[in-house]
Amino acid sequence: MVFPTLIGGFMYFSNIGVDATQVQRPPNGHQDNAWKGIIVDTLGLNTLSGLDARHHIHGNTNPRAVVENGAMVMTGGSGIRVTDEDGKQYIEGLAGLWCASLGFNEERLVVAAEKQMRELPYYHGFFGRAPVPTIKLAAKLAEITPEGIEKFFFACSGSEAIDTAIKMVWYFNNSKGRPAKKKIISRQNSYHGVTVAGASLTRIPINQDGFDLPIERFLQIGGSHFYRYGEVGETEEAFVARRATELEQLIQDEGPDTIAAFFAEPVQGAGGVLPPAKGYFDAIQPILKKYDILFVVDEVICGFGRTGNLFGSETYNLRPDIMTMAKGLSASYQPISAVGITQDVFEGIQELGDQKGAFGHGFTYGGHPVAAAVALEAQNIYQERDIVGHVRAIAPVFQARLNALSEHHLVGETRGVGLLGAVEMVADKATKERFDPSLGLGVKVFDEAKKNGLLFRNADDQLLFCPPLIVTENDVNEIFDILQHALDRVSANL
Ligand SMILES: Cc1ncc(COP(=O)(O)O)c(C=O)c1O
């Protein structure tokens, strides 16, 4: 039975675990608790799925489907593969959530965590204090981030980094005596997390609908994905010029004195792996400069090698005032994120902080020493193993196999950069018309691939890939062999 399921911000249809027809439905009017009993008994109270159904609330998941069907319980990992509770192995084609860049058993990260736990398992950055690895990590990031990014604030997740960046933008403009300059622009299909402000920037309907979001001050402009938003007969160049004009028009309409910042992922990730149209950022950046609008680059997915450079900012020649980072920062072995800012932004924050007595923002676990030690070690590994060089060597194979799928009759577009890629299925290649969502085609391909040991993410009929950066050529071929087979099977059964 097919259930609508949410993974990472998208509605999709999924068969999870057991066949839902085994689950008895409660008669109408059945008491809630009795209904829970039926679910748990069916899944088995003593199974992990049963306990999960009873007690665990999942993020970005259809709450009913996972209770009825049970979760996919993961128990181990090695290299680019993870293992479920039945011992079945899967290639993690999305590196978990775009993040496990060094795979699932990097011993050096384990050792770094253990060592730091023994030395100083916890300390914070409040009141002018700092644990050693956090200082070293800040210095390391200053060395490797794009020129101009000098100072770093630490948090525990991408969303916290985004909220911190938003607060810094507001604080900065208050410091500069510009109390009205507070509105923030993001693009259609952006994903910047799920905290109240972060989800106001995120422009994926499922992350806003039902949550009374966005809050005030958040503005949206059209997406930068040429395939979807280019008009019939429009060139990519003309599309970019149109988007630039629209941005400038929005700034004029709202009043330049009210626009504080523009947030963008170099490549939009959760929105569908959408690289910008050619020349998009070259057209946008001068407009931001012209109106004194801060450019916040969200490197949460693109940072640390993903696009074939250490940062997506390098790949697209971006000059951020503020950068957010997470995921690959620690290869995701510990939850840690960072916000990097220029000296200019820092001085604004410093001035208002002086007046107020402190920069009144910070997290108990921000810059946690164990997370910072692991992140530092991840950076050492990236450097010693030349992970960027490895991505550059493997990316052509990855992109070639991806692009070859564009010939498939179910596929409208393939797109990607570095070790990021997407396959978008369409009902009609010429008109780009989407398939009827009730066909659940994306999930059917996912389920076929899963049977053969490959996990990735389907956002409706877009199939998204972001394997651990340590993938080999053989791994890439295995991923695309399984995917090709899954597409063929689904197409044969259509
Ligand atoms: C570009 C981007 N920004 C921010 C976030 C939010 O990060 P987190 O889930 O750690 O809060 C994500 C998460 O996927 C992301 O992809």
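Sequence positions are assigned chain by chain, starting from 1 and proceeding in written order. With pLDDT at 70 or above as the cut-off, local features in this predicted model cover only qualifying residues; side-chain atom pairs require 80 or more to be listed or tallied, and sums for whole chains, interfaces and linings still use all residues. With hydrogens and water set aside, each side-chain value is computed from the structure's full complement of heavy atoms.

Trainee: Whenever I open this one, the environment of Arg242 confuses me. Can you help?
Mentor: Assignment of secondary structure puts Arg242 in helix 10 (residues 236-254). Taking the C-alpha atoms as reference points, Arg242 and Asn173, 69 residues apart in sequence, are found 29 Å from one another. Any pair of residues with heavy atoms lying within 4.5 Å of one another is described as a contacting pair. Residues within four places of Arg242 in sequence aside, it is in contact with Tyr229, Gly230, Glu231 and Glu234. In this text, helices come from DSSP runs of H or I with a minimum length of four residues, and strands from runs of E with a minimum of two, each type numbered from the N-terminal end.

Trainee: Which parts of the structure should I look at to understand the sheet that holds strand 9 (residues 259-264)?
Mentor: Strand pairs in the sheet, formed through backbone hydrogen bonds, run parallel or antiparallel to each other. Judged by pairing direction, the sheet is mixed, and its seven strands sit side by side in the order 6-12-11-10-9-7-8 without closing on themselves. The outermost strands of the open sheet, each flanked by one partner alone, are strand 6 (149-155) and strand 8 (218-221). Looking at each pair of strands side by side, their axes are set apart by 25° on average, direction ignored. In this description, strands pair whenever DSSP reports at least two bridges between them. Bridge count between strand 7 (residues 183-187) and strand 9: three bridges; the pairing is parallel. Within the sheet, the bridge partner assigned to Lys183 lies in strand 9 and is Ile259. Across the sheet, helix 11 (residues 280-290) is in contact with strand 7, strand 8, strand 9 and strand 10 (294-298); its angle to strand 9 comes to roughly 160°. Its contacts with the sheet put helix 13 (residues 343-356) on strand 6, strand 10, strand 11 (322-325) and strand 12 (337-342), and the angle it makes with strand 12 is roughly 95°. Lines are fitted to the C-alpha atoms to define the axes, a helix being fitted only along its stretch in contact, and any angle between axes, read from their N-to-C directions, falls within 0 to 180 degrees.

Trainee: Got a minute to help me understand the site of the ligand in this structure?
Mentor: One heavy atom suffices: a residue is near a molecule or strand as soon as one of its heavy atoms comes within 4 Å of it. The immediate surroundings of the ligand are formed by Ser157, Gly158, Ser159, Tyr191, His192, Gly193, Glu265, Asp298, Val300, Ile301 and Lys327. Between N or O atoms, a polar contact is any pair within 3.5 Å; within protein, one atom must be a potential hydrogen donor and the other a potential acceptor, and residues adjacent in sequence are included only when both atoms are from side chains. Gly158 places a polar main-chain atom, nitrogen or oxygen, 2.8 Å from an oxygen atom of the ligand. Between the ligand and the protein, one listed contact pairs an oxygen atom with a side-chain N or O atom of Lys327 at 2.9 Å. For the ligand, whose accessible area on its own is 390 Å², the fraction buried by protein is 83%. Charged means Asp, Glu, Lys or Arg here, nonpolar means Ala, Val, Leu, Ile, Met, Phe, Trp, Tyr, Cys or Pro, and polar covers whatever is left, Gly included. Looking at the shell around the ligand residue by residue, the class counts come to three nonpolar, five polar and three charged. Values of accessible area rely on a 1.4 Å probe in the Shrake-Rupley scheme; residue burial ignores everything except the protein chains shown.

Trainee: Looking at this structure, I do not really get the sheet that holds strand 13 (residues 411-417). What am I missing?
Mentor: Taken in spatial order, the four strands of this open sheet run 13-14-17-16, and their pairing is antiparallel. Looking at which strands have only one partner, the edges of the open sheet turn out to be strand 13 and strand 16 (457-459). Geometrically, the sheet is characterised by an average inter-axis angle of 20° between neighbouring strands, direction not taken into account. Alignment of strand 14 (residues 420-425) against strand 17 (residues 462-465), held across four bridges, turns out to be antiparallel. Paired with Val423 across the two strands is Leu463, which belongs to strand 17. Where helix 17 (residues 473-492) meets the sheet, it contacts strand 13, strand 14 and strand 17, and its direction lies at approximately 170° from that of strand 17.

Trainee: Would you take a moment to explain unusual backbone geometry for this structure?
Mentor: Across the chain, the bulk of peptide bonds are trans and the bulk of non-glycine residues have phi less than zero. In this model, Leu213 is joined to Pro214 through a cis peptide bond whose omega is 5°. Within the fold, Pro214 resides in the loop between helix 8 (196-201) and strand 8. One non-glycine residue, Asp292, lies in positive phi territory at about 55°. Inspection of the secondary structure assignment puts Asp292 in the loop between helix 11 and strand 10.

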